[in-house]
Amino acid sequence: MDTDLYDEFGNYIGPELDSDEDDDELGRETKDLDEMDDDDDDDDVGDHDDDHPGMEVVLHEDKKYYPTAEEVYGPEVETIVQEEDTQPLTEPIIKPVKTKKFTLMEQTLPVTVYEMDFLADLMDNSELIRNVTLCGHLHHGKTCFVDCLIEQTHPEIRKRYDQDLCYTDILFTEQERGVGIKSTPVTVVLPDTKGKSYLFNIMDTPGHVNFSDEVTAGLRISDGVVLFIDAAEGVMLNTERLIKHAVQERLAVTVCINKIDRLILELKLPPTDAYYKLRHIVDEVNGLISMYSTDENLILSPLLGNVCFSSSQYSICFTLGSFAKIYADTFGDINYQEFAKRLWGDIYFNPKTRKFTKKAPTSSSQRSFVEFILEPLYKILAQVVGDVDTSLPRTLDELGIHLTKEELKLNIRPLLRLVCKKFFGEFTGFVDMCVQHIPSPKVGAKPKIEHTYTGGVDSDLGEAMSDCDPDGPLMCHTTKMYSTDDGVQFHAFGRVLSGTIHAGQPVKVLGENYTLEDEEDSQICTVGRLWISVARYHIEVNRVPAGNWVLIEGVDQPIVKTATITEPRGNEEVEESGEHVILGTGELYLDCVMHDLRKMYSEIDIKVADPVVTFCETVVETSSLKCFAETPNKKNKITMIAEPLEKGLAEDIENEVVQITWNRKKLGEFFQTKYDWDLLAARSIWAFGPDATGPNILVDDTLPSEVDKALLGSVKDSIVQGFQWGTREGPLCDELIRNVKFKILDAVVAQEPLHRGGGQIIPTARRVVYSAFLMATPRLMEPYYFVEVQAPADCVSAVYTVLARRRGHVTQDAPIPGSPLYTIKAFIPAIDSFGFETDLRTHTQGQAFSLSVFHHWQIVPGDPLDKSIVIRPLEPQPAPHLAREFMIKTRRRKGLSEDVSISKFFDDPMLLELAKQDVVLNYPM
């Protein structure tokens with residue numbers, strides 16, 4: 001180092017060096033040169049490094065203290081370098097493989113009292129099959145009843161004495177909530193009283209009204225229903241709906257009055273009162289059936305054998321016939337079928353003459369049902385509950401029931417169950433009832449096909465299905481999709497209506513939107529494996545003939561909810577796009593759907609907006625003046641007015657009491673007789689809208705003397721299309737129009753076909769529909785729920801308070817006969833029903849229980865077009881402002897302009913006409 005240039009501390013004291021700026025300038029000049037000499041420089045640098053190894057400057061971040069992971073582990077090993085503090089401690093660096101499991105399934109096939117081959121053989125004989133749906137109100141004992149059948153046929157499956165088995169509640173969410181959410185199929189072989197075996201396909205359905213769609217899926221593939229009714233609660237809201245539903249589906253109806261032990265152990269009714277209570281239930285059901293059904297022969301009675309009595313908890317199930325059979329087995333020489341006919345109603349046994357009489361022999365005589373059925377039942381229950389140690393062993397000996405000492409030491413409930421199980425034996429009464437009163441698939445096929453098949457019943461395919469022919473062309477109707485227990489794919493569940501489905505067979509899957517004209521919604525798939533489903537396990541089979549239920553793998557991709565599976569005849573593609581508005585029957589339903597979406601089918605964060613309801617738009621008066629509109633080419637002009645429909649007509653159209661496809665004469669007669677229309681109007685109905693069952697009517701009210709009917713007829717289709725379009729999206733907030741009759745009063749139509757095309761007529765017809773609608777005092781309609789609340793007497797006032805706060809009103813409150821509860825029936829607007837259940841539970845300390853179902857549409861108070869109303873944010877609006885508030889907020893949600901602009905729907909000549917007539921409009925122009 002040159003000592004003159006530095007002081008003793010090493011600081012530079014030599015002559016000034018060139019400044020950085022100069023370097024920069026130099027750099028700029030030499031940059032081009034550098035780029036040219038780049039290659040040479042590299043070589044020089046390399047030489048330079050070789051001269052002085054280890055002397056080069058290495059930046060801190062480029063220093064290498066340790067060998068790289070690749071050098072240590074080799075090039076083929078994946079390594080993860082985890083920077084410090086970028087991941088929370090709670091999250092592992094390498095996550096364990098997470099296996100998803102949402103359902104409880106058996107790992108192996110359980111032992112059954114019959115051979116699996118026997119079950120498979122029974123599938124070939126459609127006369128020995130019964131397809132049955134068990135339905136009933138919430139917690140009326142359907143699932144526990146199926147548990148009894150499972151225990152009867154599966155010797156190793158037993159319920160723990162302290163909790164129910166709930167074999168068909170296979171979803172973990174169902175077990176956590178304690179309520180059925182999905183319909184679950186079970187296939188078992190059951191013997192009748194004579195010991196003959198039948199193959200039972202049983203669908204256990206949820207009892208909550210929100211899941212009525214699950215019941216529909218079961219009904220659609222069944223031939224009959226067993227309606228479960230709690231003996232203590234009687235006929236409830238959903239019981240009534242299910243009767244109506246089953247009658248609509250034209251199914252055989254049978255009843256099982258369940259939980260009869262409650263009459264004895266809980267309500268402590270004397271035997272005679274218990275008989276009255278049971279008879280009251282049967283009468284009530286018959287009353288409902290006669291209300292909904294036109295079939296005079298559909299009557300339920302224990303005497304006919306289509307009512308059975310049971311208590312799933314204590315394994316009791318009998319019909320009059322099966323109870324009489326117990327007497328016959330004990331005493332011999334009794335014709336039990338004749339005996340059974342005398343065990344219900346006002347019939348008394350005279351012990352002196354040993355005959356049955358209609359009149360009571362003495363004042364203290366009991367009816368035969370009480371004497372021969374209820375009293376023995378009461379005695380057995382009383383002995384087990386009361387005198388376990390003293391008199392029970394003697395009684396059991398008399399009945400021929402033998403228990404071990406360990407069994408006699410059981411707690412009361414398991415002991416009672418055991419005694420009843422040994423006394424009543426297998427559920428043969430239930431089997432008898434289903435075999436005699438529910439048709440086999442062979443007998444039930446014809447009415448089912450006539451009701452559900454949209455094609456021709458007389459075609460080869462129709463006939464094969466009506467005969468339930470296993471050798472005919474394949475036709476399978478699927479109504480349910482069951483996800484695998486890891487939630488990765490679905491299996492389709494349905495009924496084979498004709499032909500035989502084989503594993504590995506190519507099939508054509510027709511979706512819900514498939515029509516013969518538009519085959520877009522169909523796809524060719526290959527069937528994977530086939531199973532018979534028994535709730536928690538599946539029996540794999542290689543073919544399933546007509547009349548049976550089947551679980552199909554490999555066809556889930558094109559199916560949304562239901563589908564028709566046939567033999568393939570060509571190839572198509574399916575595309576579907578959807579908007580994420582989830583429609584549901586109620587809060588519990590939507591809660592379950594959101595759970596499945598968030599947990600089962602994806603692990604994404606789903607944000608949920610406030611719940612909304614659909615509204616409808618309607619009118620309450622006739623249009624204040626004739627509204628007309630001209631086509632853009634000024635060569636056509638349509639004039640219309642709007643007015644409200646008669647009360648009840650909208651519902652008749654929706655329920656298909658009247659159909660637009662009827663011939664003119666029949667349609668005319670219906671409107672003349674039921675709604676007092678004149679002959680001309682009744683014969684000139686053009687369309688219902690927005691669809692074939694839409695609750696609006698388009699009527700041609702023009703006169704042949706004023707309008708050329710031939711010309712008008714040539715544009716009929718276009719006008720109808722405009723009407724359908726207009727009624728599908730009303731002018732107030734793009735919701736359906738409801739309960740409006742549109743009359744065409746006048747029409748000027750161009751002579752040349754070129755000037756009256758659809759492009760001219762359709763938008764014009766829609767515009768005139770809107771203007772006539774807006775001139776007829778438009779109003780909004782909202783859906784109303786019917787609510788049924790069960791609560792103890794001291795909570796009734798709290799229920800009234802909660803309802804009043806939500807614009808609800810009570811229609812009836814009455815005590816439930818033979819119990820300490822009250823039933824309160826009320827109406828509540830759907831938009832005010834969100835959170836109602838929680839609110840109700842809070843105010844009654846959880847003692848009130850409510851169920852709500854859609855009931856009717858009602859006009860929202862207030863004028864939606866009243867400009868003078870100011871909607872203040874975050875404030876509840878008074879009743880007259882509600883219509884305006886709902887309209888504005890719905891328009892905002894849909895991204896429409898804040899208010900309805902009327903000038904959009906009125907032509908200039910029409911506006912002049914309005915001015916001439918001096919119509920005062922407070923509407924925004």
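Structure: above.
Figured I'd write up the structure that's included with this text. (Residues numbered from 1 in each chain as written. Predicted model: local features only at pLDDT ≥ 70, side-chain atom pairs only at ≥ 80, totals over all residues. Heavy atoms only, no water.)

**A word on the sheet that holds strand E1 (residues 129–136)**
Now for step 1: Across the sheet, which stays open at both edges, the seven strands sit in the order E2-E3-E1-E4-E5-E6-E7 with mixed pairing between neighbours. Because the sheet does not close on itself, it has two edges, and the strands there are strand E2 (184–191) and strand E7 (316–318). Averaged over all pairs of adjacent strands, the angle between strand axes in this sheet comes to 25 degrees, irrespective of strand direction.
Now for step 2: Relative to strand E4 (residues 224–230), E1 is paired through five bridges, and the arrangement is parallel. Across the sheet, the residue bridging to Gly 136 is Phe 228, located in E4.
Now for step 3: Sheet strands in contact with helix H5 (residues 142–153) are E1, E2, strand E3 (197–204), E4, strand E5 (252–258), strand E6 (307–311) and E7, and its direction is about 45 degrees off that of E2. (Pairing = 2+ DSSP bridges. Helix = DSSP H or I, 4+ residues; strand = E, 2+ residues; numbered from the N terminus. Axes fitted to C-alpha atoms, helices over the stretch in contact; angles between N-to-C directions. Contact = heavy atoms within 4.5 Å.)

**Things to note about the sheet that holds strand E18 (residues 549–552)**
Now for step 1: Across the sheet, which stays open at both edges, the eight strands sit in the order E14-E13-E19-E10-E11-E18-E15-E16 with antiparallel pairing between neighbours. Every interior strand has two partners, whereas the edge strands, strand E14 (522–526) and strand E16 (537–541), have only one. Within this sheet the neighbouring strands show an average axis-to-axis angle of 35 degrees, counted without direction.
Now for step 2: As paired strands, strand E13 (residues 506–510) and strand E19 (residues 563–566) are joined by three bridges and run antiparallel to one another.

**Observations regarding a negative patch on the surface**
Now for step 1: Negative charge collects at one region of the surface, where Asp 458, Asp 460, Glu 463 and Asp 467 lie side by side.
Now for step 2: Classification of Asp 467 as partly exposed rests on a relative accessible area of 46%. (Patch = residues over 30% accessible without salt bridge, like charges linked within 9 Å, V, L, I, M, F, W, Y side chains within 5 Å. Areas by Shrake-Rupley, 256 points an atom, 1.4 Å probe, with all protein chains shown as cover. Salt bridge = Lys/Arg side-chain N within 4 Å of Asp/Glu carboxyl O. Lys, Arg positive; Asp, Glu negative; His and termini not counted. Charge placed at Lys NZ, Arg CZ, Asp CG, Glu CD. Buried < 20%, exposed > 50% of the residue type's maximum accessible area, 1.4 Å probe, protein only.)

**Here's the deal with unusual backbone geometry**
Now for step 1: Along the chain, Gly 689 connects to Pro 690 via a cis peptide bond; the corresponding omega equals 5 degrees.
Now for step 2: For Pro 690, the location among the structural elements is in the loop between strand E23 (685–689) and strand E24 (696–700).
Now for step 3: In this structure, His 139 is a non-glycine residue whose phi angle is positive, near 60 degrees.
Now for step 4: Residue placement: His 139 occurs in the loop between E1 and H5.
Now for step 5: Classification of His 139 by relative accessible area gives partly exposed; the value is 49%.

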